[in-house]
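Okay, here's what each chain looks like letter by letter:
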Amino acid sequence: MDTSLWIRPTRPADEAALTAMLARCSPDAVRRRFHGAVGASATAELRREANWSPTHRSWVAAARTVDRTTSDGPRGEVHAAVHAEVHGVITLAWGGSRTVGEVEVAFLVEDGWTRHGIGRALFGAAVLEAAREGVPALLARVEGSNDGARRFLRAVAPGATTRFVGAAEFEMDLPVRPAAALATGLERWEAIA
Ligand SMILES: CC(C)(COP(=O)(O)OP(=O)(O)OC[C@H]1O[C@@H](n2cnc3c(N)ncnc32)[C@H](O)[C@@H]1OP(=O)(O)O)[C@@H](O)C(=O)NCCC(=O)NCCS
């Protein structure tokens, strides 16, 4: 079995793979990403993630696995089955319009694929896009109990600041530093691809 992983912008055909990824995620991970939104709200968000618009842009960590089997017959034919899945997604959402308001970042890496650098690589792609658009900082809304995400953001966004905004939620301001994203995110991604 041979798996390759890469980061790329989403496309409309990803909606089914994103839905399948969500079904494989733990209830905790889904709640942390969607802050309790379920059913139609979560489905609508997945559709937005798959379909780029000027105010909504997403990237996935896409995996392609080639499963080769050799038959026992005299000619030993090789059969290959190719499976495509996504294991993580990150989204930039411009509030209101492209020129007014904050730009929020939200992300989800599938349980079982965490701590392999996928989140960092996805964040790198989002930061490069934000830098291209002249966005100075991103906003992340993180559940009060979501210590893992706060540690993750402090690790991938040097200079991040955190404030408690009530209702058991933190907001984090994340400076957009493309050099840091290139040095620590996408290069490292090559290492695990
Ligand atoms: C937070 C999340 C995106 C991290 O993704 P990931 O692919 O595991 O992150 P990475 O492997 O790239 O981690 C990069 C660094 O962040 C830090 N980090 C990541 N997860 C961490 C955790 N649970 N606890 C402490 N530090 C963590 C580490 O410093 C890590 O580097 P290391 O593995 O070399 O020590 C993932 O756990 C997730 O999807 N959580 C559920 C969704 C969520 O919380 N979304 C936030 C609100 S939108």
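The paragraphs below set out a description of the structure included in this document.

Conventions and cut-offs
Residues numbered from 1 in each chain as written. Predicted model: local features only at pLDDT ≥ 70, side-chain atom pairs only at ≥ 80, totals over all residues. Helix = DSSP H or I, 4+ residues; strand = E, 2+ residues; numbered from the N terminus. Buried ≥ 20, exposed ≤ 12 C-beta atoms within 10 Å, placed from the backbone. Contact = placed C-beta atoms within 7 Å. Near = placed C-beta within 6 Å. Core = buried A, V, L, I, M, F, W, Y, C linked by C-beta atoms within 7 Å. Arc of directions from axis to C-beta.

Observations concerning the overall build of the protein
Here comes step 1: In terms of helices and strands, the protein carries six helices and seven strands.
Here comes step 2: Ordered by position in the sequence, the α and β elements of the protein form the string β-α-α-α-β-β-β-α-β-α-β-β-α.
Here comes step 3: Along the first, second and third principal axes, the C-alpha atoms of the protein reach 70 × 40 × 30 Å.
Here comes step 4: Expressed as a percentage of the 193 residues in the protein, the buried residues total 32%.
Here comes step 5: Taking as baseline every contact in the protein between residues at least 6 positions apart, the subset at least 24 positions apart corresponds to 70%.

Section: the site of the ligand
Here comes step 1: Taken together, the neighbourhood of the ligand is formed by 22 residues, with Arg32, Thr114, Gly119, Arg120 and Gly148 sitting nearest.
Here comes step 2: Breaking the shell around the ligand down by element, the ones donating at least two residues are helix H2 (27–34), strand E4 (103–109), helix H4 (118–132) and helix H5 (147–156).
Here comes step 3: Looking at the shell around the ligand element by element, the count peaks at six residues for H5.

Structural notes on the nonpolar core
Here comes step 1: Grouped together as the largest cluster of nonpolar side chains are 44 residues, with contacts concentrated most on Ala61, Ile90, Val105, Leu122 and Ala126.
Here comes step 2: With eight residues, the single largest contributor to this core is H4.
Here comes step 3: Ignoring any residue separated from it by four or fewer positions in sequence, one finds Ile90 in contact with Ser58, Trp59, Val105, Phe107, Leu122, Phe123, Ala125 and Ala126.

A short note on the environment of Val105
Here comes step 1: Relative to the elements of secondary structure, Val105 occurs in strand E4.
Here comes step 2: In this structure the C-alpha to C-alpha distance between Val105 and Gly134, which are 29 residues apart in sequence, comes to 15 Å.
Here comes step 3: Leaving out residues up to four positions away in the same chain, Val105 has contacts with Ile90, Leu92, Ala126, Leu138, Ala140 and Leu174.

Overview of the environment of His35
Here comes step 1: Looking at where His35 falls in the secondary structure, it is placed in the loop between H2 and helix H3 (40–50).
Here comes step 2: Under the C-beta neighbour-count criterion, His35 is labelled partly exposed, with 14 such atoms within 10 Å.
Here comes step 3: When the C-alpha positions of His35 and Glu169 are compared, they lie 9.6 Å apart, and in sequence the two are 134 residues distant.

Quick look at H3
For an α-helix, the turn length of 3.6 residues means that residues three or four places apart are oriented alike.
Here comes step 1: Those residues of H3 lying buried are Glu45, Leu46, Glu49 and Ala50. Along the axis of H3, the buried positions cluster into a sector of 140°, meaning they face one direction only. Counted as exposed and oriented over 90 degrees from the buried face of H3: Ala40, Ser41 and Ala44.
Here comes step 2: Buried residues along H3 sit in contact with helix H1 (14–24), H2, strand E2 (56–70) and strand E3 (78–94).

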